[in-house]
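# What the coordinates show
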Amino acid sequence: QTVDGAGQVLLPGFIDLHTHLREPGREDTETIESGSAAAALGGYTAVFAMANTSPVADTAVITDYVWKRGQEVGLVDVHPVGAVTVGLEGKQLAEMGTMAAGVGAVRIFSDDGHCVYDPLIMRRALEYANSLGVLIAQHAEEPRLTKGAVAHEGPTASRLGLAGWPRAAEESIVARDALLARDAGARVHICHASTAGTVELLKWAKAQGISITAEVTPHHLLLDDSRLETYDAVNRVNPPLREASDVAALRQALAEGVVDCVATDHAPHADQDKCCEFAAARPGMLGLETALSIIVETMVKPGLLDWRGVARVMSENPARIVGLDDQGRPLAVGEPANLVLIDPAAEWTVEADDLASIARNTPFQAMTLPAKVTATFLRGRLTARDGKIVAG
Ligand code: DOR
Ligand code: ZN
Ligand code: ZN
């Protein structure tokens with residue numbers, strides 16, 4: 001396995017804190033195997049598989065299964081995310097301790113795509129997670145403000161007659177959870193920050209010394225709600241695509257470290273759930289195989305991040321947030337490493353049919369993007385090379 005890296009960029013393998021793999025329950029749209037392939041091709045060596053599967057990952061039986069299946073596939077470490085509450089219903093805390101102690105060793109508990117909106121349950125969840133040394137990742141959506149909403153509340157949605165999702169639905173929960181984390185002396189992580197106001201709140205909370213971290217998705221760094229003009233359901237996502245001013249604020253925040261990392265929110269959906277009317281389509285977009293290129297387009301090309309910065313937001317900061325301390329530290333000579341090799345000069349055109357994901361709901365279809373992953377190594381073993389999976 002000699003790989004010639006002349007003229008290329010070598011970074012630590014990427015870590016995605018937020019991936020939906022749909023197994024168990026919707027294997028027609030993604031499996032741990034197909035999602036692992038997509039991740040390896042995207043330069044990832046670890047992904048965190050969200051808990052909103054069917055059944056929900058709210059017991060160690062499921063979280064252990066996800067980890068074991070990922071190890072069997074052997075392309076990336078598939079870390080299970082556990083549900084914060086039983087059935088994601090937000091009423092009763094799940095047995096986080098049992099999930100954390102299982103072979104899946106759950107490090108993140110989340111409510112995605114629901115929201116722990118009862119402040120008392122959230123406070124208890126933060127205290128419990130803190131006592132276990134695990135992280136709560138909050139989807140930050142006040143559901144009483146987003147009922148029926150399908151698009152960012154603003155001029156575009158009103159003109160198109162789409163029910164609006166206000167910024168306050170996100171920001172009110174971010175503010176509340178920052179304060180709950182402060183009082184509980186606990187850490188909290190904000191999933192997919194999408195508004196300029198969330199950025200301001202993160203700045204404020206961090207300045208107070210609150211242990212808060214946040215992620216941003218590639219799609220929220222590139223796309224805004226002007227995309228909705230076509231009514232193409234591929235653009236429906238939670239939280240929704242916002243306005244150009246939000247996109248600019250998110251880019252700046254990621255450059256400055258106010259937002260800590262990139263997470264894909266890779267959300268595969270079947271064609272039939274995406275080909276219908278905008279308001280009837282399921283929310284979510286593919287992200288694993290395009291993430292690096294979108295970060296180069298939105299952050300590296302405009303001079304907001306250099307390659308060192310890409311390593312920080314796609315690998316080192318996610319590792320730090322979740323306590324995977326084997327990533328991003330200096331390696332001993334001969335020690336097997338998680339690595340991604342990138343051709344910075346390459347260009348490629350996204351073709352949904354060519355992606356390793358089973359689903360095809362990429363919003364980047366037919367776009368020509370910069371930079372390509374040419375090799376991914378998991379603990380020294382080649383997992384992907386020039387766009388193809390290398391069988392273990
Ligand atoms: O767009 C989204 N899709 N946002 C979420 O929070 C959940 C996700 C999904 O599971 O499809
Ligand atoms: Zn979410
Ligand atoms: Zn999600």
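Whatever comes next refers back to the structure up there.
Computed from a predicted model, the values in this text were never measured in an experiment.

## Details of the nonpolar core
Phe 14, Leu 126, Ile 136, Leu 292 and Met 314 are the most contacted members of the largest nonpolar core, which has 82 residues in total. Setting aside residues up to four positions removed in sequence, Phe 14 forms contacts with Gly 42, Gly 43, Tyr 44, Thr 45, Ala 46, Leu 292, Val 310, Met 314, Ser 315, Val 340 and Ile 342. Counting 16 residues, the second largest nonpolar core, distinct from the first, contains Ala 151, Ala 157, Leu 223 and Met 285.

## A short note on helix H1 (residues 32–41)
When you tally the buried positions in H1, you get nine out of 10 residues, the bulk of the element. Among all positions of H1, only Ile 32, Ser 34, Gly 35, Ser 36, Ala 37, Ala 38, Ala 39, Ala 40 and Leu 41 are buried. The inward-facing, buried residues of H1 contact strand E3 (44–49), helix H2 (60–73), strand E4 (77–83), strand E13 (368–378), strand E14 (381–385) and strand E15 (388–389). Looking one or two places after H1, you find Gly 43, whose phi comes out positive at around 95°.

## Looking at the sheet that holds strand E10 (residues 212–216)
Reading across from one edge, E2-E3-E4-E5-E6-E9-E10-E11 is the order of the eight strands in this open sheet, with parallel pairing throughout. Two strands bound the open sheet, and with one partner strand each, they are strand E2 (14–19) and strand E11 (261–262). Sheet topology places strand E9 (residues 188–190) next to E10; three bridges connect them, and they run parallel. Bridge assignment links Val 188 to a residue of E10, and that residue is Ile 212. In the packing of helix H4 (residues 119–132) onto the sheet, the strands contacted are strand E6 (135–138) and E9, and the crossing angle to E6 comes to about 145°.

## A few points about the environment of Val 259
If you trace the backbone, Val 259 turns up in the loop between helix H10 (244–256) and E11. In this structure the C-alpha to C-alpha distance between Val 259 and Ile 212, which are 47 residues apart in sequence, comes to 9.7 Å. Beyond its immediate chain neighbours, meaning those up to four positions away, Val 259 contacts Leu 202, Ala 214, Glu 215, Val 216, Ala 253 and Leu 254.

## Points about the site of ligand 1
Arg 22, Asn 52, Asp 112, His 139 and Asn 238 are the nearest of the 14 residues found near ligand 1. Contact distances for ligand 1 include 2.7 Å between an oxygen atom and a side-chain N or O atom of Arg 22. The separation between an oxygen atom of ligand 1 and a polar side-chain atom of His 139 is 3.3 Å. Here ligand 1 loses 94% of its free accessible area of 280 Å² to cover by the protein chains. Here the residues of the shell around ligand 1 are counted per class, giving three nonpolar, eight polar and three charged.

## A closer look at the coordination of the zinc ion (ligand 2)
The zinc ion (ligand 2) binds to the protein through Asp 112 (OD), His 139 (ND1) and His 192 (NE2), with metal-donor distances spanning 1.9 to 2.0 Å. Because the angles between the four donor atoms bound to the zinc ion (ligand 2) fall within 81 to 138°, the donor set is best described as irregular. Read N to C, the donor residues that coordinate the zinc ion (ligand 2) are spaced as D-x26-H-x52-H. Between the zinc ion (ligand 2) and the zinc ion (ligand 3) the interatomic distance comes to 3.5 Å, and Asp 112 is a ligand of both metals. With a gap of 27 residues between them, Asp 112 in the loop between strand E5 (108–110) and H4 and His 139 in the loop between E6 and helix H5 (143–146) connect regions that are remote in the sequence. Classification of Asp 112 by relative accessible area gives buried; the value is 2%.

## Quick look at the packing of aromatic side chains
If you walk through the whole model with that rule in mind, you get one aromatic pair. Aromatic side chains Phe 14 and Tyr 44 sit 5.7 Å apart centroid to centroid with 70° between the ring planes, which places their arrangement in the edge-to-face category. A residue pair is termed long-range when its members are at least 10 positions apart, and Phe 14 in strand E2 and Tyr 44 in strand E3 qualify at 30 residues. Per residue, the accessibility class of Phe 14 equals that of Tyr 44, and both read buried. Seen from the ring of Trp 348, Lys 372 lies directly overhead, with NZ or CZ sitting 4.0 Å from the centre.

## Here we look at the coordination of the zinc ion (ligand 3)
Coordination of the zinc ion (ligand 3) by the protein is provided by His 18 (NE2), His 20 (NE2), Asp 112 (OD) and Asp 265 (OD), with metal-donor distances spanning 1.8 to 2.1 Å. Around the zinc ion (ligand 3) sit four donor atoms, and with donor-metal-donor angles ranging over 85 to 175° the site reads as irregular. Each donor residue of the zinc ion (ligand 3) belongs to the same chain, and together they define the spacing H-x1-H-x91-D-x152-D. Among the residues examined, Asp 265 registers a relative accessible area of 5% and is labelled buried.

## Re the packing of H4 against helix H7 (residues 167–184)
With their axes 10 Å apart at the nearest point, H4 and H7 run at an angle of 45° to one another. If you check the angle between H4 and H7, you find them oblique. The handedness of the crossing between H4 and H7 comes out as right-handed. Between H4 and H7, the residues in contact are Pro 119, Met 122, Arg 123, Leu 126, Glu 127 and Asn 130 and Arg 176, Asp 177, Leu 180, Ala 181, Asp 183 and Ala 184, respectively.

## Regarding the environment of Pro 119
Within the element layout of this structure, Pro 119 appears in helix H4. Exposure remark for Pro 119: the relative accessible area of 40% places this residue in the partly exposed category. Between the alpha carbons of Pro 119 and Asp 177 there is a distance of 8.1 Å; along the sequence they are 58 residues apart. Those residues within four positions of Pro 119 in sequence are excluded, and the remaining contacts are Arg 176 and Leu 180.

Conventions adopted
Residues numbered from 1 in each chain as written. Chains lettered and ligands numbered in written order. Predicted model: local features only at pLDDT ≥ 70, side-chain atom pairs only at ≥ 80, totals over all residues. Heavy atoms only, no water. Core = buried A, V, L, I, M, F, W, Y, C linked by side-chain atoms within 4.5 Å. Buried < 20%, exposed > 50% of the residue type's maximum accessible area, 1.4 Å probe, protein only. Contact = heavy atoms within 4.5 Å. Helix = DSSP H or I, 4+ residues; strand = E, 2+ residues; numbered from the N terminus. Pairing = 2+ DSSP bridges. Axes fitted to C-alpha atoms, helices over the stretch in contact; angles between N-to-C directions. Near = heavy atom within 4 Å. Polar contact = N/O pair within 3.5 Å; in protein donor to acceptor, adjacent residues only side chain to side chain. Areas by Shrake-Rupley, 256 points an atom, 1.4 Å probe, with all protein chains shown as cover. Nonpolar A, V, L, I, M, F, W, Y, C, P; charged D, E, K, R; others polar. Donors = N, O, S within 2.8 Å, 3.2 Å for Na, K, Ca; no water. Tetrahedral: all angles 85-135°; square planar, octahedral: opposite > 155°, others 65-115°. Phe/Tyr/Trp six-rings, centres within 6.5 Å; stacked < 30°, edge-to-face > 60°. Lys NZ or Arg CZ within 6 Å of the ring centre and 35° of its normal. Parallel < 35°, antiparallel > 145°, perpendicular 65-115°, else oblique. Left-handed = near helix turned anticlockwise from the far one by under 90°.

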